[in-house]
Amino acid sequence: MEGRPLLENEWVEAARRGDASAFEELVRLHQEIAYRTAYLVVGDADEARDAAQDGFLRAHAALGRFREGAAFRPWLLRIVANAARNRRRSAARQVGLALRASRESASGDAAPSPEALLLADERRRELIAAINTLRADDRVVIGLRWFLEMGEEEMAAVLDCPRGTVKSRLSRATARLRDALGGSADG
Amino acid sequence: MDDRTFVELEARLADLGAAIAFPATPPLAAAVAERLRRPAAPRRWSFGRSLAIALAATLLLAGIAAAFGIVVGGLRLTFGPASFSPGPSFRVGPGLGVATTLADARAAAGFTVRVPTLSALGEPDSVYLFEPPSGGVVTLLYGSRPGIPSDPETGIGLIITQFRGDISPEVFEKMINSGVTLDATRVNGLPGWWVAGGEHFFFFRDANGKVVESTLRSAGPTLIWEEDGVTTRVEGVGSLAEALRVAASLRASATSSPGG
(Lines give C-alpha, C1' and ligand atoms only; values in the text may rest on other atoms or scores of the structure.)
Protein backbone atom coordinates (compact mmCIF):
# COMPACT_ATOMS: atom_id res chain seq x y z
CA MET A 1 0.00 0.00 0.00
CA GLU A 2 2.94 2.30 0.62
CA GLY A 3 4.75 1.71 -2.62
CA ARG A 4 2.10 1.94 -5.24
CA PRO A 5 0.87 5.50 -4.84
CA LEU A 6 4.43 6.62 -4.68
CA LEU A 7 5.21 4.84 -7.90
CA GLU A 8 2.17 6.31 -9.54
CA ASN A 9 3.20 9.76 -8.44
CA GLU A 10 6.58 9.14 -9.94
CA TRP A 11 4.94 8.28 -13.21
CA VAL A 12 2.84 11.37 -12.99
CA GLU A 13 5.95 13.41 -12.34
CA ALA A 14 7.76 11.79 -15.23
CA ALA A 15 4.77 12.38 -17.48
CA ARG A 16 4.72 16.00 -16.42
CA ARG A 17 8.31 16.28 -17.45
CA GLY A 18 7.29 15.09 -20.88
CA ASP A 19 8.05 11.41 -20.61
CA ALA A 20 5.55 9.91 -23.04
CA SER A 21 6.08 6.34 -21.90
CA ALA A 22 5.29 7.33 -18.33
CA PHE A 23 1.98 8.73 -19.44
CA GLU A 24 1.31 5.65 -21.50
CA GLU A 25 1.86 3.62 -18.37
CA LEU A 26 -0.65 5.78 -16.52
CA VAL A 27 -3.16 5.19 -19.29
CA ARG A 28 -2.58 1.47 -19.13
CA LEU A 29 -3.12 1.49 -15.41
CA HIS A 30 -6.36 3.40 -15.60
CA GLN A 31 -7.83 2.64 -18.97
CA GLU A 32 -10.33 0.11 -17.72
CA ILE A 33 -11.78 2.25 -14.96
CA ALA A 34 -11.74 5.28 -17.27
CA TYR A 35 -13.50 3.39 -20.02
CA ARG A 36 -16.11 1.92 -17.73
CA THR A 37 -16.75 5.26 -16.09
CA ALA A 38 -17.27 6.79 -19.52
CA TYR A 39 -19.51 3.88 -20.45
CA LEU A 40 -21.70 4.41 -17.41
CA VAL A 41 -22.07 8.04 -18.33
CA VAL A 42 -22.71 7.75 -22.07
CA GLY A 43 -24.21 4.27 -22.20
CA ASP A 44 -22.63 3.50 -25.54
CA ALA A 45 -19.45 1.56 -26.23
CA ASP A 46 -18.14 3.67 -29.10
CA GLU A 47 -18.88 6.93 -27.40
CA ALA A 48 -17.28 5.64 -24.24
CA ARG A 49 -14.12 4.75 -26.11
CA ASP A 50 -13.92 8.17 -27.69
CA ALA A 51 -14.74 9.90 -24.43
CA ALA A 52 -12.11 7.95 -22.52
CA GLN A 53 -9.53 8.67 -25.17
CA ASP A 54 -10.49 12.32 -25.17
CA GLY A 55 -10.23 12.32 -21.43
CA PHE A 56 -6.73 10.89 -21.42
CA LEU A 57 -5.56 13.35 -24.01
CA ARG A 58 -7.07 16.20 -22.11
CA ALA A 59 -5.51 14.94 -18.91
CA HIS A 60 -2.15 14.75 -20.64
CA ALA A 61 -2.47 18.30 -21.76
CA ALA A 62 -3.55 19.38 -18.30
CA LEU A 63 -0.79 17.59 -16.41
CA GLY A 64 0.79 20.92 -15.64
CA ARG A 65 -2.22 21.80 -13.56
CA PHE A 66 -2.23 18.55 -11.63
CA ARG A 67 -1.57 19.30 -8.00
CA GLU A 68 1.51 17.50 -6.88
CA GLY A 69 0.79 14.86 -4.29
CA ALA A 70 -2.93 14.72 -5.10
CA ALA A 71 -4.57 11.43 -6.01
CA PHE A 72 -4.24 10.92 -9.72
CA ARG A 73 -7.18 8.63 -10.36
CA PRO A 74 -10.01 10.91 -9.16
CA TRP A 75 -8.40 13.80 -11.01
CA LEU A 76 -8.26 11.73 -14.17
CA LEU A 77 -11.76 10.34 -13.77
CA ARG A 78 -13.19 13.81 -13.35
CA ILE A 79 -11.72 14.77 -16.70
CA VAL A 80 -12.90 11.59 -18.36
CA ALA A 81 -16.40 12.01 -16.94
CA ASN A 82 -16.56 15.56 -18.24
CA ALA A 83 -15.53 14.38 -21.66
CA ALA A 84 -18.20 11.70 -21.44
CA ARG A 85 -20.90 14.13 -20.34
CA ASN A 86 -20.12 16.28 -23.33
CA ARG A 87 -20.93 13.29 -25.45
CA ARG A 88 -23.95 12.08 -23.59
CA ARG A 89 -26.33 14.43 -25.30
CA SER A 90 -25.01 13.44 -28.64
CA ALA A 91 -25.14 9.72 -28.14
CA ALA A 92 -27.65 8.46 -30.61
CA ARG A 93 -29.00 5.91 -28.25
CA GLN A 94 -28.24 4.77 -24.79
CA VAL A 95 -27.83 1.12 -24.28
CA GLY A 96 -28.83 -0.04 -20.87
CA LEU A 97 -26.53 -2.07 -18.74
CA ALA A 98 -26.54 -5.74 -19.48
CA LEU A 99 -25.60 -8.91 -17.74
CA ARG A 100 -22.82 -11.18 -18.76
CA ALA A 101 -23.91 -14.35 -20.41
CA SER A 102 -24.82 -16.69 -17.64
CA ARG A 103 -21.63 -18.12 -16.27
CA GLU A 104 -21.29 -21.80 -16.76
CA SER A 105 -21.21 -23.51 -13.45
CA ALA A 106 -17.80 -24.23 -12.08
CA SER A 107 -16.44 -27.63 -12.94
CA GLY A 108 -15.90 -28.37 -9.27
CA ASP A 109 -18.22 -30.73 -7.48
CA ALA A 110 -19.54 -28.00 -5.18
CA ALA A 111 -21.28 -26.18 -8.02
CA PRO A 112 -24.67 -24.81 -7.10
CA SER A 113 -27.64 -26.58 -8.55
CA PRO A 114 -28.89 -25.43 -11.94
CA GLU A 115 -32.08 -24.26 -10.26
CA ALA A 116 -30.16 -22.07 -7.83
CA LEU A 117 -28.12 -20.58 -10.67
CA LEU A 118 -31.25 -19.92 -12.64
CA LEU A 119 -32.88 -18.21 -9.71
CA ALA A 120 -29.83 -16.05 -9.03
CA ASP A 121 -29.71 -15.05 -12.68
CA GLU A 122 -33.37 -14.28 -12.63
CA ARG A 123 -32.96 -11.98 -9.67
CA ARG A 124 -30.03 -10.22 -11.28
CA ARG A 125 -31.99 -9.73 -14.45
CA GLU A 126 -34.85 -8.27 -12.50
CA LEU A 127 -32.52 -5.92 -10.67
CA ILE A 128 -30.74 -4.73 -13.78
CA ALA A 129 -34.03 -4.19 -15.55
CA ALA A 130 -35.10 -1.98 -12.66
CA ILE A 131 -31.80 -0.10 -12.81
CA ASN A 132 -32.27 0.47 -16.50
CA THR A 133 -35.58 2.15 -15.85
CA LEU A 134 -33.91 4.77 -13.65
CA ARG A 135 -32.91 8.14 -14.93
CA ALA A 136 -29.39 8.28 -16.26
CA ASP A 137 -28.09 10.19 -13.25
CA ASP A 138 -29.33 7.59 -10.80
CA ARG A 139 -27.92 4.81 -12.93
CA VAL A 140 -24.55 6.46 -12.95
CA VAL A 141 -24.46 6.93 -9.18
CA ILE A 142 -25.41 3.33 -8.55
CA GLY A 143 -23.02 2.07 -11.18
CA LEU A 144 -20.09 4.01 -9.80
CA ARG A 145 -20.69 2.77 -6.31
CA TRP A 146 -21.60 -0.84 -6.91
CA PHE A 147 -20.23 -1.81 -10.28
CA LEU A 148 -17.03 0.19 -10.28
CA GLU A 149 -16.71 0.09 -6.51
CA MET A 150 -15.72 3.69 -6.17
CA GLY A 151 -15.36 5.50 -2.92
CA GLU A 152 -16.79 8.89 -2.11
CA GLU A 153 -13.86 10.92 -3.32
CA GLU A 154 -13.91 9.38 -6.77
CA MET A 155 -17.65 9.48 -6.99
CA ALA A 156 -17.59 13.16 -6.14
CA ALA A 157 -15.00 13.73 -8.84
CA VAL A 158 -16.92 11.82 -11.47
CA LEU A 159 -20.28 13.30 -10.52
CA ASP A 160 -18.72 16.71 -10.26
CA CYS A 161 -20.38 17.41 -6.96
CA PRO A 162 -19.18 18.03 -3.40
CA ARG A 163 -18.25 14.94 -1.44
CA GLY A 164 -21.05 15.63 0.99
CA THR A 165 -23.57 15.33 -1.79
CA VAL A 166 -22.49 11.89 -2.91
CA LYS A 167 -24.10 10.04 -0.06
CA SER A 168 -27.46 11.71 -0.43
CA ARG A 169 -27.48 11.21 -4.18
CA LEU A 170 -26.66 7.57 -3.74
CA SER A 171 -29.32 7.05 -1.14
CA ARG A 172 -31.96 8.81 -3.23
CA ALA A 173 -31.00 6.73 -6.24
CA THR A 174 -31.16 3.57 -4.17
CA ALA A 175 -34.57 4.53 -2.87
CA ARG A 176 -35.83 5.08 -6.38
CA LEU A 177 -34.37 1.75 -7.37
CA ARG A 178 -36.24 0.10 -4.55
CA ASP A 179 -39.41 1.77 -5.75
CA ALA A 180 -38.72 0.63 -9.27
CA LEU A 181 -38.39 -2.93 -8.05
CA GLY A 182 -41.73 -2.31 -6.43
CA GLY A 183 -43.66 -5.32 -5.28
CA SER A 184 -42.32 -7.37 -8.15
CA ALA A 185 -40.30 -9.47 -5.78
CA ASP A 186 -40.09 -9.69 -2.09
CA GLY A 187 -38.11 -12.86 -1.76
CA MET B 1 -36.66 3.44 4.07
CA ASP B 2 -36.67 0.19 5.88
CA ASP B 3 -33.06 -0.52 6.79
CA ARG B 4 -33.34 -4.19 6.10
CA THR B 5 -34.64 -3.60 2.61
CA PHE B 6 -31.81 -1.20 2.02
CA VAL B 7 -29.17 -3.62 3.21
CA GLU B 8 -30.63 -6.43 1.16
CA LEU B 9 -30.77 -4.25 -1.89
CA GLU B 10 -27.16 -3.23 -1.41
CA ALA B 11 -26.15 -6.86 -1.11
CA ARG B 12 -27.94 -7.59 -4.37
CA LEU B 13 -26.21 -4.63 -6.01
CA ALA B 14 -22.81 -5.80 -4.84
CA ASP B 15 -23.55 -9.23 -6.26
CA LEU B 16 -24.74 -7.71 -9.50
CA GLY B 17 -21.49 -5.76 -9.90
CA ALA B 18 -19.57 -8.89 -10.77
CA ALA B 19 -22.13 -9.88 -13.36
CA ILE B 20 -22.35 -6.63 -15.28
CA ALA B 21 -21.28 -6.98 -18.88
CA PHE B 22 -19.12 -3.98 -19.58
CA PRO B 23 -17.90 -3.88 -23.14
CA ALA B 24 -14.30 -4.96 -23.45
CA THR B 25 -11.95 -2.10 -22.72
CA PRO B 26 -10.37 -0.96 -25.97
CA PRO B 27 -6.57 -0.58 -26.12
CA LEU B 28 -6.60 3.02 -25.07
CA ALA B 29 -2.99 3.18 -23.97
CA ALA B 30 -1.79 2.36 -27.45
CA ALA B 31 -4.25 4.74 -29.08
CA VAL B 32 -3.41 7.57 -26.74
CA ALA B 33 0.32 7.04 -27.13
CA GLU B 34 -0.08 7.04 -30.86
CA ARG B 35 -2.01 10.26 -30.72
CA LEU B 36 0.51 11.91 -28.48
CA ARG B 37 3.28 10.98 -30.82
CA ARG B 38 1.44 12.50 -33.72
CA PRO B 39 -0.66 15.21 -32.17
CA ALA B 40 -3.09 15.88 -34.93
CA ALA B 41 -3.97 13.36 -37.57
CA PRO B 42 -7.58 14.04 -38.41
CA ARG B 43 -7.89 11.43 -41.09
CA ARG B 44 -7.31 8.74 -38.56
CA TRP B 45 -9.88 10.00 -36.18
CA SER B 46 -12.89 7.91 -35.75
CA PHE B 47 -15.77 9.22 -33.81
CA GLY B 48 -18.29 6.50 -33.88
CA ARG B 49 -21.73 7.89 -34.35
CA SER B 50 -21.69 11.10 -32.46
CA LEU B 51 -24.28 13.37 -33.89
CA ALA B 52 -23.63 16.73 -32.48
CA ILE B 53 -20.22 17.86 -31.69
CA ALA B 54 -18.54 18.11 -28.39
CA LEU B 55 -16.34 21.07 -28.34
CA ALA B 56 -14.13 19.82 -25.61
CA ALA B 57 -13.79 16.53 -27.31
CA THR B 58 -12.47 18.12 -30.40
CA LEU B 59 -9.87 19.90 -28.41
CA LEU B 60 -8.73 16.69 -26.91
CA LEU B 61 -8.61 14.94 -30.16
CA ALA B 62 -6.02 17.35 -31.22
CA GLY B 63 -4.16 16.42 -28.11
CA ILE B 64 -3.80 20.01 -27.19
CA ALA B 65 -6.36 20.59 -24.58
CA ALA B 66 -4.10 22.72 -22.51
CA ALA B 67 -3.65 24.96 -25.43
CA PHE B 68 -5.86 27.94 -25.22
CA GLY B 69 -8.63 28.64 -27.61
CA ILE B 70 -10.63 31.61 -28.62
CA VAL B 71 -14.20 31.30 -29.62
CA VAL B 72 -15.68 33.56 -32.22
CA GLY B 73 -19.28 32.62 -32.59
CA GLY B 74 -19.33 28.98 -33.53
CA LEU B 75 -15.72 29.04 -34.50
CA ARG B 76 -13.04 28.02 -32.11
CA LEU B 77 -9.53 29.00 -32.83
CA THR B 78 -7.32 26.43 -31.34
CA PHE B 79 -3.66 26.92 -30.82
CA GLY B 80 -1.45 23.97 -30.70
CA PRO B 81 1.07 21.88 -32.44
CA ALA B 82 -0.90 21.26 -35.57
CA SER B 83 0.96 18.90 -37.79
CA PHE B 84 -1.14 18.80 -40.88
CA SER B 85 0.84 18.09 -43.95
CA PRO B 86 0.33 20.60 -46.70
CA GLY B 87 -1.91 19.27 -49.39
CA PRO B 88 -0.49 18.61 -52.78
CA SER B 89 -3.20 20.50 -54.58
CA PHE B 90 -6.44 22.20 -53.97
CA ARG B 91 -9.48 20.19 -54.58
CA VAL B 92 -12.97 20.89 -53.49
CA GLY B 93 -13.63 18.07 -51.13
CA PRO B 94 -16.63 17.15 -49.03
CA GLY B 95 -15.72 19.88 -46.61
CA LEU B 96 -17.21 22.48 -48.85
CA GLY B 97 -20.41 20.63 -49.50
CA VAL B 98 -22.14 20.83 -52.84
CA ALA B 99 -21.66 23.36 -55.57
CA THR B 100 -24.68 25.54 -55.97
CA THR B 101 -25.66 28.95 -57.15
CA LEU B 102 -25.65 32.05 -55.05
CA ALA B 103 -29.42 32.29 -55.29
CA ASP B 104 -29.90 28.70 -54.19
CA ALA B 105 -27.41 29.06 -51.37
CA ARG B 106 -29.26 32.10 -50.16
CA ALA B 107 -32.54 30.26 -50.27
CA ALA B 108 -31.16 27.22 -48.48
CA ALA B 109 -29.03 28.87 -45.83
CA GLY B 110 -30.59 29.45 -42.47
CA PHE B 111 -29.11 32.91 -42.29
CA THR B 112 -28.63 35.94 -44.47
CA VAL B 113 -25.77 35.27 -46.85
CA ARG B 114 -23.75 38.36 -47.55
CA VAL B 115 -21.59 38.98 -50.55
CA PRO B 116 -18.84 41.54 -51.03
CA THR B 117 -19.84 44.42 -53.23
CA LEU B 118 -16.36 45.61 -54.19
CA SER B 119 -16.45 46.08 -57.91
CA ALA B 120 -12.98 44.59 -58.23
CA LEU B 121 -14.31 41.29 -56.96
CA GLY B 122 -17.50 40.94 -58.92
CA GLU B 123 -19.50 37.79 -58.47
CA PRO B 124 -18.03 34.73 -56.80
CA ASP B 125 -16.78 32.11 -59.23
CA SER B 126 -18.17 29.25 -57.22
CA VAL B 127 -20.61 28.91 -54.37
CA TYR B 128 -20.77 25.92 -52.09
CA LEU B 129 -23.28 24.91 -49.51
CA PHE B 130 -22.50 22.46 -46.76
CA GLU B 131 -25.61 21.49 -44.93
CA PRO B 132 -25.24 19.44 -41.79
CA PRO B 133 -24.86 22.28 -39.34
CA SER B 134 -28.16 23.96 -38.80
CA GLY B 135 -28.36 26.69 -41.34
CA GLY B 136 -25.48 25.32 -43.32
CA VAL B 137 -22.14 26.74 -44.29
CA VAL B 138 -21.88 28.87 -47.38
CA THR B 139 -18.53 29.27 -49.08
CA LEU B 140 -17.84 31.78 -51.81
CA LEU B 141 -14.78 31.15 -53.94
CA TYR B 142 -13.07 33.72 -56.11
CA GLY B 143 -10.23 33.11 -58.52
CA SER B 144 -7.59 35.72 -59.06
CA ARG B 145 -8.72 39.32 -58.88
CA PRO B 146 -6.92 42.62 -59.11
CA GLY B 147 -4.70 42.75 -56.06
CA ILE B 148 -5.64 39.22 -55.11
CA PRO B 149 -3.44 36.68 -56.81
CA SER B 150 -4.71 33.17 -56.94
CA ASP B 151 -2.83 30.46 -55.22
CA PRO B 152 -0.71 28.77 -57.88
CA GLU B 153 -1.64 25.38 -56.55
CA THR B 154 -5.29 25.85 -55.94
CA GLY B 155 -6.36 28.53 -58.33
CA ILE B 156 -8.19 30.13 -55.45
CA GLY B 157 -7.78 33.79 -54.72
CA LEU B 158 -10.32 34.71 -52.11
CA ILE B 159 -12.44 32.51 -49.91
CA ILE B 160 -15.35 33.80 -47.92
CA THR B 161 -17.06 31.40 -45.56
CA GLN B 162 -20.17 32.13 -43.57
CA PHE B 163 -22.12 30.13 -41.08
CA ARG B 164 -24.40 30.73 -38.21
CA GLY B 165 -22.35 31.62 -35.21
CA ASP B 166 -24.84 30.56 -32.63
CA ILE B 167 -24.93 26.89 -33.47
CA SER B 168 -22.85 25.97 -30.53
CA PRO B 169 -22.96 22.20 -30.88
CA GLU B 170 -21.30 22.38 -34.23
CA VAL B 171 -17.74 23.27 -33.92
CA PHE B 172 -15.62 24.81 -36.50
CA GLU B 173 -12.03 24.68 -35.72
CA LYS B 174 -9.02 26.17 -37.05
CA MET B 175 -5.84 24.40 -36.23
CA ILE B 176 -3.04 26.77 -36.04
CA ASN B 177 0.64 26.22 -35.94
CA SER B 178 2.44 27.80 -33.12
CA GLY B 179 4.11 30.14 -35.59
CA VAL B 180 0.82 31.76 -36.36
CA THR B 181 0.05 35.18 -34.99
CA LEU B 182 -3.31 36.35 -33.96
CA ASP B 183 -4.28 39.98 -33.69
CA ALA B 184 -7.46 41.32 -32.25
CA THR B 185 -9.07 43.83 -34.52
CA ARG B 186 -12.41 45.51 -35.16
CA VAL B 187 -14.46 44.47 -38.13
CA ASN B 188 -17.38 46.71 -38.97
CA GLY B 189 -17.19 47.88 -35.39
CA LEU B 190 -17.24 44.36 -33.98
CA PRO B 191 -14.46 42.31 -32.44
CA GLY B 192 -12.60 40.11 -34.86
CA TRP B 193 -9.32 38.31 -35.35
CA TRP B 194 -6.63 38.49 -37.93
CA VAL B 195 -4.85 35.18 -38.18
CA ALA B 196 -1.61 35.28 -40.07
CA GLY B 197 1.90 34.04 -40.35
CA GLY B 198 1.80 30.33 -40.90
CA GLU B 199 -0.12 27.36 -41.98
CA HIS B 200 -3.52 27.12 -40.51
CA PHE B 201 -6.45 25.07 -41.24
CA PHE B 202 -10.12 24.92 -41.11
CA PHE B 203 -12.12 21.88 -40.33
CA PHE B 204 -15.33 20.85 -38.77
CA ARG B 205 -17.44 17.83 -38.10
CA ASP B 206 -20.08 16.43 -40.32
CA ALA B 207 -23.43 15.11 -39.20
CA ASN B 208 -21.83 11.83 -38.24
CA GLY B 209 -19.29 13.50 -36.06
CA LYS B 210 -16.49 12.85 -38.49
CA VAL B 211 -13.92 15.52 -38.86
CA VAL B 212 -14.11 17.00 -42.28
CA GLU B 213 -11.24 19.00 -43.56
CA SER B 214 -12.36 21.86 -45.62
CA THR B 215 -9.52 20.89 -47.96
CA LEU B 216 -8.86 24.54 -48.34
CA ARG B 217 -5.32 24.27 -47.28
CA SER B 218 -4.74 27.89 -47.68
CA ALA B 219 -1.99 29.32 -45.61
CA GLY B 220 -3.19 32.79 -46.32
CA PRO B 221 -4.00 35.17 -43.55
CA THR B 222 -7.59 35.12 -42.45
CA LEU B 223 -9.98 37.61 -40.95
CA ILE B 224 -12.66 36.15 -38.71
CA TRP B 225 -15.50 37.83 -36.92
CA GLU B 226 -19.09 37.39 -35.95
CA GLU B 227 -21.78 39.76 -37.01
CA ASP B 228 -25.51 39.42 -36.48
CA GLY B 229 -25.11 35.85 -35.36
CA VAL B 230 -23.16 34.86 -38.47
CA THR B 231 -19.50 34.03 -38.34
CA THR B 232 -17.60 35.09 -41.40
CA ARG B 233 -14.12 34.29 -42.46
CA VAL B 234 -12.30 36.09 -45.24
CA GLU B 235 -9.20 34.35 -46.41
CA GLY B 236 -6.79 35.01 -49.21
CA VAL B 237 -6.20 38.73 -49.14
CA GLY B 238 -2.71 39.71 -48.15
CA SER B 239 -3.29 42.47 -45.67
CA LEU B 240 -5.63 43.24 -42.85
CA ALA B 241 -6.58 46.51 -44.48
CA GLU B 242 -7.71 44.70 -47.63
CA ALA B 243 -9.58 42.11 -45.64
CA LEU B 244 -11.36 44.86 -43.75
CA ARG B 245 -12.35 46.47 -47.03
CA VAL B 246 -13.85 43.22 -48.21
CA ALA B 247 -15.61 42.84 -44.88
CA ALA B 248 -17.00 46.35 -44.98
CA SER B 249 -18.41 45.77 -48.44
CA LEU B 250 -20.45 42.71 -47.50
CA ARG B 251 -24.11 43.16 -48.29
CA ALA B 252 -27.08 40.90 -48.04
CA SER B 253 -27.92 41.67 -51.61
CA ALA B 254 -25.19 42.41 -54.05
CA THR B 255 -27.12 42.89 -57.21
CA SER B 256 -30.60 43.94 -56.31
CA SER B 257 -32.08 45.92 -53.50
CA PRO B 258 -34.28 43.93 -51.13
CA GLY B 259 -37.83 44.56 -52.08
CA GLY B 260 -37.67 48.34 -52.49
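The rules behind these values
- Residues numbered from 1 in each chain as written.
- Chains lettered and ligands numbered in written order.
- Predicted model: local features only at pLDDT ≥ 70, side-chain atom pairs only at ≥ 80, totals over all residues.
- Helix = DSSP H or I, 4+ residues; strand = E, 2+ residues; numbered from the N terminus.
- Buried ≥ 20, exposed ≤ 12 C-beta atoms within 10 Å, placed from the backbone.
- Contact = placed C-beta atoms within 7 Å.
- Core = buried A, V, L, I, M, F, W, Y, C linked by C-beta atoms within 7 Å.
- pLDDT = per-residue confidence, 0-100.
- Axes fitted to C-alpha atoms, helices over the stretch in contact; angles between N-to-C directions.
- Left-handed = near helix turned anticlockwise from the far one by under 90°.
- Nonpolar A, V, L, I, M, F, W, Y, C, P; charged D, E, K, R; others polar.
- Pairing = 2+ DSSP bridges.
- Parallel < 35°, antiparallel > 145°, perpendicular 65-115°, else oblique.
- Arc of directions from axis to C-beta.

*Asks:* Can you explain the overall build of chain A? Please cite residues and give values.
*Replies:* Within chain A, the secondary structure is distributed over eight helices and zero strands. Counting from the amino terminus, helix and strand elements in chain A follow one another as α-α-α-α-α-α-α-α. Classification of the 187 residues of chain A by burial places 39% in the buried group. Contacts in chain A between residues at least 24 apart in sequence constitute 67% of all its contacts with a sequence separation of at least 6.

*Asks:* Any chance you could break down unusual backbone geometry for me, citing the residues and the numbers?
*Replies:* Unusually for a residue other than glycine, Glu149(A) sits at a positive phi of about 55°. With respect to the element layout, Glu149(A) can be found in the loop between α6 (136–147) and α7 (152–159). The phi dihedral of Asn188(B) is positive, around 50°, even though this residue is not glycine. The topology assignment puts Asn188(B) in the loop between β9 (181–187) and β10 (190–196).

*Asks:* How would you sum up the nonpolar core? Please name residues and give values.
*Replies:* By size, the foremost hydrophobic cluster in this structure holds 51 residues, and its most contacted members are Ala34(A), Ala38(A), Ala52(A), Val80(A) and Ala84(A). Top element by residues in this core is helix α2 (residues 20–42) of chain A. It accounts for eleven residues. Setting aside residues no more than four positions away along its own chain, Ala84(A) makes contact with Ala38(A), Val41(A), Val42(A), Ala48(A) and Ala51(A). Tyr128(B), Leu141(B), Trp193(B) and Trp225(B) belong to the second largest nonpolar core, which has 35 residues in total.

*Asks:* So what's going on with the confidence of the model for chain B? Residues and values would help.
*Replies:* Residues and elements named next belong to chain B. Per-residue confidence for chain B gives a mean pLDDT of 65; residues scoring 70 or more make up 55%. Within chain B, strand β4 (residues 115–116) carries the highest mean pLDDT (94), whereas helix α3 (residues 55–61) carries the lowest (32). Note that pLDDT drops below 50 for residues 166–178; the model gives that stretch 59 contacts with residues more than four away or on any other chain.

*Asks:* How would you explain the packing of helix α5 (residues 114–133) of chain A against helix α8 (residues 163–181) of chain A if you had to name every residue and give the values?
*Replies:* Residue and element names in this part refer to chain A. Between α5 and α8, the shortest axis-to-axis distance is 9 Å and the interhelical angle comes to 120°. The element α5 and its partner α8 pack so that their crossing is right-handed. Each of Ala-130, Ile-131 and Thr-133 in α5 lies in contact with α8, whose residues at this interface are Leu-177, Ala-180 and Leu-181. The residue inventory of the contact of α5 with α8, partitioned by class, reads five nonpolar, one polar and no charged.

*Asks:* Which residues make up the pairing of strand β13 (residues 222–227) of chain B, and what values do they have?
*Replies:* All names here are of chain B. The element β13 is largely enclosed, with a buried count of five among its six residues. Across four bridges, the pairing between β10 and β13 is antiparallel. Counted as the bridge partner of Trp-194 is Leu-223 from β13. Across six bridges, the pairing between β13 and strand β14 (residues 230–235) is antiparallel. By the bridge assignment, Ile-224 is partnered in β14 with Arg-233. Hairpin remark: β13 followed by β14, antiparallel, with two residues in the connecting loop; positive phi at Asp-228, about 50°.

*Asks:* Outline α7(A), supporting the account with residue identities and numerical values.
*Replies:* Residues and elements named next belong to chain A. Extensive coverage of α7 is indicated by the burial of six of its eight residues. Against the buried residues of α7 lie α2, α4 (72–88), α6 and α8. Asp-160 sits one or two residues past α7 and shows a positive phi near 55°.

*Asks:* I'd like to hear about the packing of α2(A) against helix α2 (residues 28–37) of chain B, residue by residue, with values.
*Replies:* Contact pair α2(A) / α2(B): the axes reach a minimum separation of 8 Å and the direction vectors enclose 140°. Compared by their axis directions, α2(A) and α2(B) come out oblique. By crossing handedness, the relation of α2(A) to α2(B) is classed as right-handed. Side by side, α2(A) and α2(B) meet where Ala20(A), Phe23(A), Glu24(A), Val27(A), Arg28(A), Gln31(A) and Tyr35(A) of the first sit next to Leu28(B), Ala29(B), Val32(B), Ala33(B), Leu36(B) and Arg37(B) of the second. Here the residues of the contact of α2(A) with α2(B) are counted per class, giving nine nonpolar, one polar and three charged.

*Asks:* I'd like a rundown of the pairing of strand β6 (residues 137–142) of chain B, residues and numbers included.
*Replies:* All names here are of chain B. Among the six residues in β6, six count as buried, and that is most of the element. Of the two faces of β6, the one lined by Val-137, Thr-139 and Leu-141 and the one lined by Val-138, Leu-140 and Tyr-142 are each fully buried. In this structure, strand β5 (residues 126–130) lies alongside β6, joined through five bridges in antiparallel fashion. When the bridges of β6 are listed, Tyr-128 appears paired with Thr-139. Relative to strand β7 (residues 158–164), β6 runs antiparallel, the two sharing six bridges. When the bridges of β7 are listed, Val-137 appears paired with Phe-163.

*Asks:* Describe helix α5 (residues 240–248) of chain B, with residues and values.
*Replies:* Every buried residue of α5(B) is accounted for by Ala243(B), Leu244(B), Val246(B) and Ala247(B). All buried residues of α5(B) lie within an arc of 160° about the axis, which places them on one face of the element.

*Asks:* How would you summarise the confidence of the model for chain A if you had to cite specific residues and measurements?
*Replies:* All names here are of chain A. Scored by pLDDT, chain A has a mean of 83; 84% of the residues are at 70 or more. Every residue in residues 1–6 is under pLDDT 50, and counting partners more than four places away or in other chains gives zero contacts. Predicted confidence for residues 104–109 stays below pLDDT 50, and this span has four contacts to residues more than four positions away or in other chains.

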